[in-house]
Each structure stands twice: as structure tokens, then as C-alpha cells.
Amino acid sequence: RRRKMERSLACDPAGQSGADGVTRSFLDCLKSARQETRPFDYWLLDNPLPEGCCEAIASLPFPPPEGMSFKGRREINNVSRVYFTPENQAKFDVCRSVVEGFKNPGVRMAIEEATGADLSDGHLRIEYCQDTEGFWLEPHTDIFVKKFTMLVYLSDDPALANAGTDILEGPPDFKYVGSAPYGKNKGVIFIPGKNTWHGVGHHPIKGLRKSIIINYVTSDWNDTWQLA
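Quick notes on the rules
Residues numbered from 1 in each chain as written. Predicted model: local features only at pLDDT ≥ 70, side-chain atom pairs only at ≥ 80, totals over all residues. Heavy atoms only, no water. Helix = DSSP H or I, 4+ residues; strand = E, 2+ residues; numbered from the N terminus. Buried < 20%, exposed > 50% of the residue type's maximum accessible area, 1.4 Å probe, protein only. Areas by Shrake-Rupley, 256 points an atom, 1.4 Å probe, with all protein chains shown as cover. Salt bridge = Lys/Arg side-chain N within 4 Å of Asp/Glu carboxyl O. Pairing = 2+ DSSP bridges. Contact = heavy atoms within 4.5 Å. Axes fitted to C-alpha atoms, helices over the stretch in contact; angles between N-to-C directions. Phe/Tyr/Trp six-rings, centres within 6.5 Å; stacked < 30°, edge-to-face > 60°. Core = buried A, V, L, I, M, F, W, Y, C linked by side-chain atoms within 4.5 Å.

S.K.: Please explain the overall build of the chain as it appears in this structure.
M.R.: When you go through the chain residue by residue, the secondary structure sums to six helices and eleven strands. Buried residues in the chain amount to 50% of all 228 residues. About 11100 Å² of surface is accessible on the chain, with carbon and sulfur atoms providing 50% of the total.

S.K.: Can you walk me through the pattern of salt bridges in this structure?
M.R.: When charged atoms on two side chains of opposite charge get close, those side chains can pair. Inspection of the entire model under this criterion finds nine salt bridges. Here Asp 46 makes a salt bridge to Lys 186, at a shortest N to O gap of 2.6 Å. In this pair, Asp 46 is assigned in strand β2 (residues 42-46) and Lys 186 in strand β9 (residues 186-190), connecting sequence segments 140 residues apart. Residue Asp 46 is classed as partly exposed on the basis of its relative accessible area, which comes to 44%. Judged by its relative accessible area of 29%, Lys 186 falls in the partly exposed class. Salt-bridge contacts for Arg 209 lead to Asp 131; the nearest nitrogen and oxygen are separated by 3.0 Å. Linking Arg 209 in strand β11 (residues 209-217) with Asp 131 in strand β4 (residues 123-131), this pair joins segments that are 78 residues apart in sequence. Of the two residues examined, Arg 209 and Asp 131, each falls in the buried class.

S.K.: It is not clear to me how the sheet that holds β2 should be interpreted in this structure. Could you clarify?
M.R.: Strand pairing in a sheet takes place through backbone hydrogen bonds and is either antiparallel or parallel in direction. Strand order across the open sheet formed by seven strands is β1-β2-β9-β6-β11-β4-β3, with antiparallel pairing between neighbours. The sheet is open, and its two edges are formed by β1 (34-36) and β3 (82-83), each paired on a single side. Sheet topology note: the strand β6 (residues 146-153)/β9 ladder contains five bridges and is antiparallel. Following the sheet pairing, Leu 151 is matched in β9 by Val 188. Lying over the sheet, helix α6 (residues 105-115) contacts β2, β6 and β11, oriented at roughly 90° with respect to β11.

S.K.: Would you mind showing me how to read the packing of aromatic side chains here?
M.R.: Counted according to the given criterion, the structure contains eight aromatic pairs. Among the aromatic residues, those joined into a cluster by ring pairs are Phe 40, Tyr 42 and Phe 190.

S.K.: So what exactly am I meant to see when it comes to the nonpolar core here?
M.R.: Buried together is how nonpolar side chains tend to be arranged in soluble globular proteins. Ile 57, Phe 84, Phe 102 and Ile 212 are the most contacted members of the largest nonpolar core, which totals 39 residues. Every element with two or more residues in this core is listed here: α2 (18-32), β2, α3 (53-58), α5 (93-102), α6, β4, β6 and β11. Tallying contributions element by element places α5 first for this core, with five residues. Among residues more than four places away in sequence, those in contact with Ile 212 are Leu 49, Ile 57, Phe 84, Ile 126, Glu 127, Tyr 128, Met 150, Leu 151, Val 152 and Leu 154.

S.K.: Hey, could you run me through unusual backbone geometry in this one?
M.R.: Both trends apply: most residues other than glycine have a negative phi, and most peptide bonds are in trans. The amide bond that connects Arg 38 to the next residue, Pro 39, takes the cis arrangement and shows omega of 0°. Within the secondary structure, Pro 39 sits in the loop between β1 and β2. Put simply, Pro 171 and Pro 172 share a cis peptide bond, and its omega is 10°. With respect to the secondary-structure elements, Pro 172 resides in the loop between β7 (166-168) and β8 (176-179). Of note in this structure, Phe 174 is not a glycine but carries a positive phi near 50°. Residue position: Phe 174 is located in the loop between β7 and β8. Exposure remark for Phe 174: the relative accessible area of 28% places this residue in the partly exposed category. Backbone geometry places Asn 185, a non-glycine residue, at a positive phi of 65°. Examined against the element boundaries, Asn 185 turns out to sit in the loop between β8 and β9.

Here's what the structure looks like:
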């Protein structure tokens, strides 16, 4: 019975989305993404995943982490982090569909053309996040082995309206510029660089801030067990 439930977590009840649906939805979304240029290039997204995918991911049977330590960095809680690993792809259709959709060569080519990223040495890494009350992220830039970062938010809870990723200017003041709108199937893309400062401020989080983080990382990535 558990196996049947796990396999049923697909992007839509009819099973019509799958990997091809993920690819199509993302490519259509990327064409209409709104590019912002201050203080760095980033792209705001609407509907990057097929209808039903967000619900399927948010229904994955991973309990929200308990006893979290919030000190502004995700790696402090590494033991509780969840990834779309080959093992989870074998268990859950939605994990496999999203991974296969983003491994499509056409997706990489479209990202490179739209953003100027070089994904020739790109390995896919997808993290499922469930951030609880008290969560915040200090201003930071992603490490150099990340060549592409995309966040997709999974909830339409109005209490999370201010929970999107903050866009910041650099040191010393880390001036707040704006936030990516948080909402179901909304998201943001940026290409990690020296000036791509971002974080999550000390906004009250009521409920679960669910999202996935999609990265392409280089072969220098140390934690290969996280890769898709």
C-alpha cells in the first residue's frame, strides 16, 4: 500500500505531465520570464512546473524537520535536508519527472541562451525545503561550484506572502532591493556570481515555507550523494 501511494505522487492525476511536461512548462515559462537587472540579473517566474507538480512535491511524505537551528545558513541543518536523489526518484514519480525534465538537453540549451550561463559541466541537484518558523538566511552569494540557481515556491498560503527570497546589494550595507514573490508555482532564477547577494530576512514565517532549489553544479561538487 505504501509503495502504491509513493508511486502515485505524480504531477497530475492522469499522469500526462511526466518529464516531457516538466520540460515544456519550464521552457514556456522561461520565454516569458521577467528579467530584472538591479543589482544583478535575475528572472522572475510564473508556472515553471506543470499543473499539479507543486501539490505532488508538497505532499511528499517527508516530515518537516524538528529541532532546527536557525543561524542564517542551511548547512547547519545538513542532516535533515532532502534531495531528489536516485533513491527518491525510484520511490516518487514526481521526483523522477522533475529530474528527467531538467536533464533534457533542450533545457540546458535554453538556460544558457537566456542567461549566459555555462552548463557544459553541469550536474543536477534538487533540494526539497520545508522551512519552519524562525527560519532566515544571512546575505550570501552561492559558492562558485554552483553554475545555476532556481527556486520554485510550492504554497499558496497567504501567510507566506512575504517569504520570498530577498534580493540585496552587496557589502557593507546589504541594502534591500526587493523580493521574489512567494506563491504556488512562482520562482526566481539567477546565475551565481560575486555580486548575486540574496537571503531571507527575519520575516515572520507562519506555516511551512515549502520550496525546491534546483542547481546545476560542476564536477568539483563534493557531496555527490546529493546529486540527481
